Structure formats: C-alpha cells, structure tokens
Amino acid sequence: FIFSKESVYDDQPNAHQRFMEKLDACIRNHDREIEKMCNFHHQGFVDAITELLKVRADAEKLKVQVTDTNRRLQDAGKEVIAQTEEIIRCRVQQRNITTVVEKLQLCLPVLEMYSKLKEQMNVKRYYSALKTMEQLENLYLPRVSQYRFCQIMIENLPKLREEIKEISMSDLKDFLESIRKHSDRIGETAMKQAQQQKTFSTTLQKQNNLNYGRNMHLGRSRILESKNEITLKRTFEDDDEHEEEVLTAQDLVDFSPVYRCLHIYSVLGDGEIFENYYRKQRRKQARLVLQPQSSMHETVEGYRRYFSQIVGFFVVEDHILHVTQGLVTRTYTDELWNMALSKIIAVLRTHSSYCSDPDLVLELKNLIVVFADTLQGYGFPVNRLFDLLFEIRDQYNETLLKKWSGLFRDIFEADNYSPIPIANEEEYKIVISKFPFQDPELDKQSFPKKLPMSQSVPQIYIQVKEFIYASLKFSESLHRSSTEIDDMLRKSTNLLLTRTLSSCLQNLIKKPHIGLTELVQIIINTTHLEQACKYLEDFISNITNISQVSVHTARLYGLSTFKDARHAAEGEIYTKLNQKIDEFIQIADYDWTMSESDGRASGYLMDLINFLRSTFQVFTHLPGKVAQTACMSACQHLSTSLMQMLLDSELKQISMGAIQQFNLDVIQCELFASSEPVPGFQGDTLQLAFIDLRQVRHYWIFPLQIMFLTCLCHLLFYFSSMKDSSKKNNIFAQFRKNDRDKQKLIETVVKQLRSLANGMSQHT
C-alpha cells in the first residue's frame, strides 16, 4: 500500500476514491492488531490492579507514618534551618568580604601611587611625579578603571601635568632671573680662575727655563734651585688657596631647575618647545647683557662688570651644553658667540674712543686679554678680540701721545734754558745716570762746571724712556713675537718723536716769550737729544732682545725730528733778530730838514749795533754756520730797512744835513760789518750786505750834492742880476718904501745863497 504524492493527486478517474478505500482497509488492519495486543496483555493488567488493591491499606498506613514523621522532622529541623540560614548568610558575608579585600588589594596600589604622587607634588619632585603618573596610567588605573574614583583620578592627571609644567616653567624663569643677577659674579669667578691658570703656566714655564739653565750651570746654581723650588711651591700654595676661595659657577647658581624642567618637558613630549623657549629667553638675556651702560667708559669697574656679565653668560651656556643633551648645541653657542662678539667689538670701539686716560685704556686692554683668555679656555674663538686690541693699541698710543705732549709742555715751561750747573762729581753722576752725555773735554774741566744742555734735555730723555715702558705694557700678553713687539715699540716711539715732541718743539719755538737766548739753547738741546737717539734704540733692543742689525728692525726718526726743530729755531732766530732790528728802526727819528749833521752816528743805530754785538756773542755755542747765517741775515735786513727808509714815498724833501747824518749811519754799519762780530766770514763777505747803501751813497748822494750846489749858483746869479738891474732901472727907487724893502730882501737872499754855496763847495 504505497501511494506517491503524484498518484494521489493524479487526474486519473477514481484515484481519490481508490485512495480512501485503501486507507480504510489499512485502519481496520491496525485496529485488529491493537485488539490482539490488548487481549494479550489484559491478564497482566488485571494482576497489577489486584496487587495495587492489596497494598492500598499499607499505603494509607505508610502515608500516615510519613506524614507524622514529616511533621516531627519539620519540627526538629526548624532550628537546623535557622542555623543553616545563618551559616548561609555568614558565608555570603565572608564571600563579600573576600571580594572586597580582593578589590581593595587591587585598589590599594592605585591609592598608594596617587598618595605618593601628591606627596611628590608637595615636595616639588615633579619629575618623579610624572613618572608616578605614567605608572598610574599604564599599569594601575586600567585594573580598576570601573570605579568612579579612578575616573576622577584619570581626569585630574592632565591637570596635574599642566600644573607641573607651569611650576617647572616658573622655576625656570626664576633660574633665568637668578643667572642674570649672578652672571657678573660667575664671570668674575671664571676670569679669576683663568688668570690664576695663566699665572700658574707662566710660573711653570719660568721654572722650566730656570731648570734648563741650571743644567748648563749646575755647580753654580744649587742655591738658586732651592730658592726657585720654594718660590714655585709658594706660588702653587697661593694658587691652591685661591682655588679654595674661588667658587665655581655650580656653587653660585643652582642648575637643578633647568634639569628638572628639561626632564619634565621631555617626559611630556614637549622637549622641543622647552628648547625653543630656553634659547629664545637666553637670546633676549644676551642682548641685555651686551647692552653697555652709557657711562661705562668712565671707570674700569664699568668695563669689568660688562666683561664679567658676558663671561658669566657664556660660562652658563657652556655648562648647559656639557651637562644636558640637546638643550643647547655647539652650533647654537657658536652662533650666539659670533653675534655677541660683533656687538662686543662695536661697543668697545665706541666706548674706548671716549677714553682719554692711557691708564684706563691699559686697564681696558688687560681686561680684554683676561676676557679673551677666559672664553678661549671654554672653546670660544677670540681672534677678532686680539685684532681689536691692535686697534685699541693705536688709540692707546694716541692717548699716550696726548699725555706726553702735556708732560713735554710742562718740562719746556719749567726749563730756564740755561746750561746745567754742576757743583761736584755727585751731581755730575746724577745727571749722567739720567742722560747719556759724553764730552771728554768737559770731563777734563774741574768742578764747578756747566753742561751745555739745559735741564729739560735729561727730563725729555727720561720721559721718552717712560713712554717706551708705557707702550711696552700694552704689548704684553698680546701673544705676539718679540720682533713684532720691537717693531711696535719703535713705531710708537717714532710717533712720539716725529709728531708729539716735534710739535711741542715747534710750538715752543713760536711762543712770543721765547727770546734769542732761549732759541740758542733750544738748538743746543736738540743737538744733544739727536745724539741720544742711538741710546734709545739700544734701550728698545735690550727690552725686546732683538738685535738692531735685524732686517726687520725699524730705526728711530729722531735725526729728522731734531733737525727740523733746529731749522725752525734757526728761522725763528732770524725772524726775531729782524723784528728786533725793526723795533730799533721804528724809534729812528731822522730830521730830514736838518741844516747839518750831528757829526756822529745816530743813537738808535749805536744801540742796535751794541745789541747785535751782545747777541752774536751768545751765538758762540751755536754751530758756526748758524751764527754766520744769523749775522748775515741781520745785516741784510738792516741794510734793506735803511734803504726803505731813504726811499719812503712819504719823504717829500731832504736836506743836505740829513743826507750827511744818514751817511754817517751807513758808515757805522759798514764798520760793524768789518769788525767780524761772528768769526768765520771770508774777506768782505759781511760788508757786502751794505753794498746797496754804499752804491746809493756814491751814485746818488754825491751827485745830489753837486746838483744842489749848481742850483745854488744859478739862484745866486739870478738874484745878483735882479739886484744890479733894479739899481740901474730906477734911480729914484730908494725914495719909495716898497722898492726899498724889496731891495733889502734881494740882498739878504743873495747873502744867504753865497754863504750856503761856500759851505757846500768846501764840504764837497
């Protein structure tokens, strides 16, 4: 009986009916099977029912017993139940306590770390606090993140970080302010240490040099060795004492704020921000440090404070460079130093130009040297500073020249311009010790005697040596060779001689109160100073240990300097002589209408000739050529002045008596020239100065006399003719008064003309 789905729903006729019939047949078969099964088991079912009925009574009894037992058991178990519930409650509490303990054990490290964080914040251990925060965030808080207090902690940690950043930045600002205040003291300390180190090195070098010499002269220098060792030991002990007293930069400034701030910002990931901020602030401080005070050039302390601040600034930067990594770099410090060096050089150029005191300039040089040596010890290049020192050296020389110009002027003002009197040998030795004077002829003379130069000569010589010493002081510690120092000393000495001393001499010569005697003494003084120049060259060579035969050795220009001064003095002598002659000429009072001469030379001319004689006697100490030139110049000027007087355009008339008097004066001048007031003239050389006047006398005065006599004769003849004609033409003229007076006047004129003509003819 198998039908498929398709067969059931087949469209064949009666398919459904046939299916239903088959189904009913199948059902009847199953019913029969069931009936058979029931019939087979019916007896067993009956037996079971019977058994059940049998145990029904027992079941009732059992039920009663069980109920009674249950009641009694319930009554007995109430206490147990109560105790059991108590046990359950206790076990729940115990489990809760265990859970709480476990959770607390999990939270306690977090709380301990947070408490530790708070404590670190209170004691300002900010770097440790940041590390604690990092542990809290990465290790502890994730374990208990479900608790609300942990969320509060998590929210507070960024605030704490910002607070730490602000506090550390505040500490950094305080640190920057502190080093700004202490930079001068730090710099002063560093400069002292550098100076002590340099002193130590110099002492050690000297000791080595002495040891070298000792090996060559061992037997002679045993005592010297022990003395040097004692000296060196004392020097080292002094240096140790100074080192104990001198504090370092770390002793003066607490650098921990920088370290903390750097570590804090590095931990927070803002290291670059911190570096930029630090460098920016330090650049600002560098600009402030490099800005000098307006009155810095007035005192040494102003320069010392300026240098100390700069050194302190860069000592701090060098320390930061070596103890931190990346906060500052060598490139940064070099860039900062180059900027500072340019500013320093500009400031020193400006302010040093205001210094007029050479001692202050020398102190400035020493400070610059210590400043340069200190920073060079920290690795900063300082070549430009030593180049600047050469510029300041020129300025130092200028200030020295100004100072010595004043000294020279004072010496010249105080000089009496007379030979130095020497009473005994002690005084002679004192003068010779000051000035290298040698004169064998003078040495043979007995005391008392006089040195030809005046007191200013040894004083000038001493001051020139003092100038060399002062110039040498600046050349020390410039890291230059002896040859260069020798060259610098000679150049500066040449400037002193050719410019300062020469200018002082020229001004002295031009002063109106300097007379002929003083000018003569100045010429003598310059001669001796010129001779002393070779001793100055030896003096410089002894100082620098450079031989004068070296090809690089310059020579002193004293020869030209003193020659120029002598020429100027000689010219001034000529000028003053001429001025004096002019003064005498101005007081000349010729009466050009005088009837006859005085018979002797004019008084003014005799006074002038006496003055010239006494003046030329003073010239005996001068070189012969100078005295001869002065004498010839004076005579020529006198001749020219007399000629100009005679040929003056304002002179309208001149009498024969005046001509006679002028002729006597010219004759007196010729007699003076022929008396050889200054020895050394050949023949009539000096008389030639009056040759023009002589020619005027021969070719103008005598013809004038003859012409004048001729005119007198003509006039006499004219008036005599008038007298004779008047007598012949008018016989009765003697009876008229006017004619009579006119006749008398003509006779008087004729008599005077005859008398004058007779006198002229006799004189001529």
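Residues numbered from 1 in each chain as written. Predicted model: local features only at pLDDT ≥ 70, side-chain atom pairs only at ≥ 80, totals over all residues. Heavy atoms only, no water.

Participant: Explanation requested: the overall build of the protein in the structure shown.
Facilitator: Tallying secondary structure elements over the protein gives 25 helices and two strands in all. With 764 residues in all, the protein has 40% of them scored as buried. For the protein, the share of sequence-separated contacts (at least 6 apart) that also reach a separation of at least 24 residues comes to 80%. Carbon and sulfur atoms make up 53% of the accessible area of the protein, which totals about 45,300 Å². (Helix = DSSP H or I, 4+ residues; strand = E, 2+ residues; numbered from the N terminus. Buried < 20%, exposed > 50% of the residue type's maximum accessible area, 1.4 Å probe, protein only. Contact = heavy atoms within 4.5 Å. Areas by Shrake-Rupley, 256 points an atom, 1.4 Å probe, with all protein chains shown as cover.)

Participant: I'm lost on helix 16 (residues 456–475) in this one. Help?
Facilitator: Residues three or four positions apart in an α-helix share a direction because the helix packs 3.6 residues into each turn. Compared with an ideal rise of 1.5 Å per residue, which puts 20 residues at 28 Å, helix 16 spans 29 Å between its outermost C-alpha atoms and is within 8% of the ideal. In terms of burial, helix 16 is a largely internal element, 14 of the 20 residues being buried. (Expected span 1.5 Å × (residues − 1).)

Participant: I tried to follow the confidence of the model for the protein on my own but got confused; where do I start?
Facilitator: Mean pLDDT for the protein: 78, with 80% of residues reaching 70 or above. When mean pLDDT is compared element by element in the protein, helix 3 (residues 56–122) scores highest at 89, while helix 6 (residues 222–245) scores lowest at 40. Residue range residues 209–245 is modelled with pLDDT below 50. Its contacts to residues more than four positions away, or to other chains, number 14 contacts. Taken together, the stretch residues 731–735 has pLDDT below 50 and engages in four contacts with residues farther than four places along the chain or on a different chain. (pLDDT = per-residue confidence, 0-100.)

Participant: Would you mind showing me how to read helix 4 (residues 126–140) here?
Facilitator: Between its first and last C-alpha, helix 4 extends 19 Å over 15 residues, near the 21 Å set by a 1.5 Å rise per residue. Buried within helix 4 are the following residues: Tyr126, Ala129, Leu130, Thr132, Met133, Leu136 and Tyr140. Within helix 4, the buried residues cover an arc of 160° as seen down the axis, which keeps them to one side. (Arc of directions from axis to C-beta.)

Participant: What is the right way to look at the side chain of histidine 528 in this model?
Facilitator: With respect to the helices and strands, the residue histidine 528 is situated in helix 18 (residues 516–531). Excluding its chain neighbours within four sequence positions, the residues that come into contact with histidine 528 are Phe435, Phe437, Pro452, Met453 and Val457.

Participant: Any chance you could explain the packing of aromatic side chains here in plain terms?
Facilitator: Where two aromatic rings form a pair, the distance of their centres and the angle of their planes describe that pair. For the structure shown, the criterion picks out 17 aromatic pairs. Of the aromatic side chains, those joined through ring pairs into one cluster are Tyr306, Phe307, Phe313, Phe314, Trp337, Phe371 and Phe380. It is lysine 365 that lies over the ring of phenylalanine 474; its NZ or CZ is 6.0 Å from the centre. The cationic tip of lysine 449 hangs over the ring face of phenylalanine 447; the distance from NZ or CZ to the ring centre is 4.4 Å. (Phe/Tyr/Trp six-rings, centres within 6.5 Å; stacked < 30°, edge-to-face > 60°. Lys NZ or Arg CZ within 6 Å of the ring centre and 35° of its normal.)

Participant: Sorry, what's going on with the packing of helix 17 (residues 482–510) against helix 19 (residues 533–544) here?
Facilitator: A pair of packed helices is characterised by two quantities: the angle between their axes and the separation of those axes. Where helix 17 meets helix 19, the closest approach of the two axes is 10 Å, and the angle between their N-to-C directions is 150°. Here helix 17 is positioned roughly antiparallel relative to helix 19, judged by the angle of their axes. Here the hand of the crossing between helix 17 and helix 19 comes out right-handed. Along its contact with helix 17, which presents Ser482, Ile485, Asp486, Leu489, Arg490 and Thr493, the element helix 19 presents Glu537, Ile540, Ser541, Ile543 and Thr544. Per-class residue counts for the contact of helix 17 with helix 19 are four nonpolar, four polar and three charged. (Axes fitted to C-alpha atoms, helices over the stretch in contact; angles between N-to-C directions. Parallel < 35°, antiparallel > 145°, perpendicular 65-115°, else oblique. Left-handed = near helix turned anticlockwise from the far one by under 90°. Nonpolar A, V, L, I, M, F, W, Y, C, P; charged D, E, K, R; others polar.)

Participant: What exactly am I supposed to notice about a nonpolar patch on the surface here?
Facilitator: On the surface, Phe45, Val46, Ile49, Leu52, Leu53 and Val55 cluster together into a nonpolar patch covering about 550 Å² of accessible area. Tracing the backbone shows leucine 53 in helix 2 (residues 15–54). (Patch = residues over 30% accessible without salt bridge, like charges linked within 9 Å, V, L, I, M, F, W, Y side chains within 5 Å. Salt bridge = Lys/Arg side-chain N within 4 Å of Asp/Glu carboxyl O.)

Participant: Whenever I open this one, the nonpolar core confuses me. Can you help?
Facilitator: Across soluble globular proteins, you tend to see nonpolar side chains buried next to one another. Counting 161 residues, the largest nonpolar core has Phe307, Trp337, Ile344, Ile573 and Leu577 as the members making the most contacts within it. Take this core: its biggest share by element is 13 residues, from helix 13 (residues 383–414). Apart from residues no more than four positions distant in its own chain, leucine 577 is found in contact with Leu516, Phe611, Leu612, Thr615, Phe616, Phe619, Ala630 and Ala634. (Core = buried A, V, L, I, M, F, W, Y, C linked by side-chain atoms within 4.5 Å.)

Participant: Quick question: what am I supposed to make of unusual backbone geometry here?
Facilitator: Phi is mostly negative for residues that are not glycine, and the peptide bonds are mostly trans. Looking along the chain, the bond that leaves phenylalanine 447 and enters proline 448 is cis, with omega of -5°. By the secondary structure assignment, proline 448 is in the loop between helix 15 (440–444) and strand 2 (449–451). Unlike most non-glycine residues, lysine 124 shows phi in positive territory, near 65°. Here lysine 124 is to be found in the loop between helix 3 and helix 4. Assessed through its relative accessible area of 53%, lysine 124 is described here as exposed.

Participant: When you look at the side chain of serine 168 in this model, what are you seeing that I'm missing?
Facilitator: Turning to its location among the elements, serine 168 is positioned in helix 5 (residues 148–216). A polar atom in the side chain of serine 168 sits 2.9 Å from the backbone oxygen of lysine 165. Ignoring anything within four residues of it in the chain, the contact list for serine 168 reads Cys261, Ile264 and Tyr265. (Polar contact = N/O pair within 3.5 Å; in protein donor to acceptor, adjacent residues only side chain to side chain.)

Participant: Just to check I follow, could you spell out the environment of isoleucine 167 for this structure?
Facilitator: With respect to the helices and strands, the residue isoleucine 167 is situated in helix 5. For isoleucine 167, a relative accessible area of 23% translates into the label partly exposed. Taking the C-alpha atoms as reference, isoleucine 167 lies 8.9 Å from lysine 124; in sequence the two are 43 residues apart.

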